[in-house]
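Structural description and commentary
For reference, the chains in residue letters:
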Amino acid sequence: MSMPLESVPFSELLRQPTETAERLARTRALRLRRRDAADLVLMSAERAEAEGEVVDLTARLLAGLARREPALVRETLPTVLPWMRFLPQGDAEQMTDEFIATAEAAAAVGSTAAVSQLLTKWRHTAEVHADPDLHRILAAPSADDFGPVTRPTDE
């Protein structure tokens, strides 16, 4: 469950740093909108530490529960992630196994990035299965070689 963030232009923080920072007393965090880059989030260190502690505890609790009662996780995960219903049974089982292993590893290293990436990949897979036309196109064999793929550049 996430609360919407109050959004302000990044320039407001630059022009009125004290007033902008004081808004944190009335809101969880501020989303700083930037024109030429990704938005930033400003929150008090105390709140960030508290939220981090809750996320860490939740991840470790989930990992422990998953180790002890994997069937419960398999049963519950589709109610938490409704898009899983579009996955074929085998894919849903594979996704659940990967989720359990990744959540446990993420809790061990203190980073949720891998869990987020895993969920994004599987959600996109579910989107393909949910669209019969897209699934047919992507599942069809291809006789053509579309040539070499250029290496992405780091920008």
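Read on for a plain summary of the structure. (Residues numbered from 1 in each chain as written. Predicted model: local features only at pLDDT ≥ 70, side-chain atom pairs only at ≥ 80, totals over all residues. Heavy atoms only, no water.)

One can find T20 in helix α2 (residues 17-22). At 2.7 Å, the side chain of T20 and the backbone oxygen of Q16 are in polar contact. Apart from the residues lying within four places of it in its own chain, the contact partners of T20 are V8, E12, L13 and L30. (Helix = DSSP H or I, 4+ residues; strand = E, 2+ residues; numbered from the N terminus. Polar contact = N/O pair within 3.5 Å; in protein donor to acceptor, adjacent residues only side chain to side chain. Contact = heavy atoms within 4.5 Å.)

For the pair helix α4 (residues 70-80) and helix α5 (residues 89-109), the least separation of the axes is 10 Å and the interaxial angle reads 115 degrees. α4 and α5 meet at a crossing whose hand is right-handed. Contacts between α4 and α5 pair P70, V73, R74 and L77 from the former with M95, T96, D97, F99 and I100 from the latter. For the contact of α4 with α5, the residue count by class is 6 nonpolar, 1 polar and 2 charged. (Axes fitted to C-alpha atoms, helices over the stretch in contact; angles between N-to-C directions. Left-handed = near helix turned anticlockwise from the far one by under 90°. Nonpolar A, V, L, I, M, F, W, Y, C, P; charged D, E, K, R; others polar.)

Quick look at the sheet that holds strand β3 (residues 40-42) now. Read across the sheet, 3 strands follow the order β1-β2-β3 without closing on themselves; strand pairing throughout is mixed. Only two strands of the sheet have a single neighbouring strand rather than two, namely β1 (6-9) and β3. Each adjacent strand pair in this sheet contributes to an overall mean axis angle of 35 degrees, direction not counted. Relative to strand β2 (residues 30-33), β1 runs parallel, the two being bridged by 4 bridges. Looking across to β2, one finds that P9 is bridged to R33. (Pairing = 2+ DSSP bridges.)

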